[in-house]
Amino acid sequence: MTCRATPVANVDWLARSRAAVWHPCTQMKVHETLPIVPIARGEGAWLVDFDGRRYLDAVSSWWVNLFGHANPRINAALRAQLDELEHVMLAGFTHRPVVELSERLAALAPPGLGHAFYGSDGASATEIALKMSFHAWANRGRPEKRGFVSLQGSYHGETLGALSVTDVPLFRDTYAPLLRRNATVPSPDARLARGGETARDVAERAAQALEAHLAAHHATTAALIVEPLVQGACGMAMHDPHYLVRARELCTRHGVHLIADEIMTGFGRTGTLFACEQAGIAPDFLLLSKGITGGYLPLACVLTTDDVYGAFWHDDAARGFLHSHSYTGNPLACRAALAVLDVFRDDDVVAANRAKAARFDAIAAPLRAHPRVRFLRRRGMIWAFDVGTARPDFARWCFERGLAHGVLLRPIGRTVYFMPPYVIDDGEFRHLCDAALAIVDAA
Ligand SMILES: *Cc1c(COP(=O)(O)O)cnc(C)c1O
């Protein structure tokens, strides 16, 4: 039998994909009519299909990519690691990339977060922080502190524990009977400003609601979990750093852990390496994932304090943190993360992004002026706006229109956002804004 090479344009496997692969966050029946986009390769900010059509990855492939697809520096680091060690279990064993990564993250993060626990993805980081917070209080003789508080519109992942602190109805409502009840407090979303209020006023109003909640419930509350500065999955709701300052002060006053979920906001997304820096605060737990490996490999890291770590230090095994994932601290993923930190250092990425974002704001000016565009907002390298349209299917319609314009956009409801890889250049950003303008015009 001869083996014939299939021409790349003839993607016969694609026809089978719909049955064999169950896609995430998808009603599969929509793919009866909506084609699935087969990607052959990526380069920089672009994804390329088998016919050579190119799509600008304006959402960084679900918020993970930082320095472009097929980045030569991350590729080289991974190749080198492959020849040394692909994986070893992290219980009883260690390796150089995980030690280096833990030390470098602790040095870069807000002060006092010197202990790194690893997981496999964002949701596992949330699970780790919730369990660790509860267990730390239990080990300190406070087992009744087992409630959690999150913000309205919060998103912290979709496994059962993470979903129980998530407040996005689409993800939560169906599974609500499986979830433990937790409290939600008002969001400091700046769009909620009432006549004359500034973003800071909204933050203060939300902080007062948090204050009332904690005053009443601190004795049974283990932790408050927040997405600092930008609540992503509920529609890029942005808030003033003042909220974080107040949340830190209230958690400290009431003996409640503060969990900062920087799974999306971390690694420069909001204009500083970590969003917490803009409020000058340090949380008790810092959750990292997504951009940590530049979008190459799944990895999550939970950084915590001496105080939490100390609560587990004991001769009794059951007082240790009994949590594990098979791929905890995978060396390839850690090596990719080290390469990402090298790029941040060598290219002074945070400062470069600041200059870039200012230029991009000028390019986006026609969008801001469009009569259907509301609340055009930016934090760091995230732009978002709400579209005044009556289309009930706007998100899907916009996604399809985007593909026709050569851009990957994935609106959340009627909110369109750009969260591009940092390697995007001015011409590419202009292409993105032009496409968005044409789409908004037609909406
Ligand atoms: C994406 C995200 C998560 C969940 O991460 P997964 O890797 O998708 O499980 C949690 N929190 C925030 C803020 C996120 O944006």
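It should be noted that the structure appears before, not after, this text.
Conventions and cut-offs
Residues numbered from 1 in each chain as written. Predicted model: local features only at pLDDT ≥ 70, side-chain atom pairs only at ≥ 80, totals over all residues. Heavy atoms only, no water. Helix = DSSP H or I, 4+ residues; strand = E, 2+ residues; numbered from the N terminus. Buried < 20%, exposed > 50% of the residue type's maximum accessible area, 1.4 Å probe, protein only. Polar contact = N/O pair within 3.5 Å; in protein donor to acceptor, adjacent residues only side chain to side chain. Contact = heavy atoms within 4.5 Å. Core = buried A, V, L, I, M, F, W, Y, C linked by side-chain atoms within 4.5 Å. Pairing = 2+ DSSP bridges. Axes fitted to C-alpha atoms, helices over the stretch in contact; angles between N-to-C directions. Disulfide = S-S within 2.5 Å.

*Asks:* Could you give an account of the side chain of Arg377, with specific residues and numbers?
*Replies:* For Arg377, the position within the fold is in strand E13 (residues 373-379). Relative accessible area serves as the criterion here: at 11%, Arg377 is assigned to the buried category. A distance of 2.9 Å separates a polar atom in the side chain of Arg377 from the backbone oxygen of Gly235. A polar atom in the side chain of Arg377 sits 2.9 Å from the backbone oxygen of Phe375. Beyond its immediate chain neighbours, meaning those up to four positions away, Arg377 contacts Arg191, Gly235, Met236, Met238, Ile382, Trp383, Ala384, Phe385, Asp386 and Thr415.

*Asks:* Quick one: what's the story with the nonpolar core, residue by residue and with numbers?
*Replies:* The tendency in soluble globular proteins is for nonpolar side chains to be buried as a group. Counting residues in hydrophobic clusters, the biggest one holds 111 residues, and the most contacted among them are Leu105, Tyr243, Phe344, Phe385, Phe418 and Phe429. Considering each element in turn, this core owes the most residues, 11 residues, to helix H11 (residues 331-346). Not counting chain neighbours up to four residues away, the residues in contact with Phe344 comprise Leu66, Phe67, Phe267, Gly268, Leu273, Val349, Val350 and Tyr422.

*Asks:* Could you give me a rundown of the sheet that holds strand E4 (residues 115-119), with the residues and numbers involved?
*Replies:* Sheets are built from strands paired through backbone hydrogen bonds, the pairs being either parallel or antiparallel. Reading across the sheet, the 7 strands line up as E4-E12-E11-E10-E7-E5-E6 and stay open at both edges, with mixed pairing between neighbours. Two strands bound the open sheet, and with one partner strand each, they are E4 and strand E6 (183-185). In this sheet, neighbouring strand axes are inclined to one another by 20 degrees on average, regardless of whether the strands run parallel or antiparallel. Sheet topology places strand E11 (residues 285-288) next to strand E12 (residues 300-304); 4 bridges connect them, and they run antiparallel. In the sheet register, Phe285 faces E12, and the bridge partner there is Thr304. Across the sheet, helix H4 (residues 96-108) touches E4, E11 and E12, and the angle it forms with E4 is around 125 degrees.

*Asks:* Kindly report on the state of the cysteines, identifying the contributing residues and their values.
*Replies:* Overall, the coordinates contain 0 disulfides when judged by the stated rule. You can see Cys334 has no disulfide; the closest cysteine sulfur is in Cys301, sitting 8.4 Å from it. Looking at Cys398, it has no disulfide partner, and the nearest cysteine sulfur is the one in Cys433, 13 Å off.

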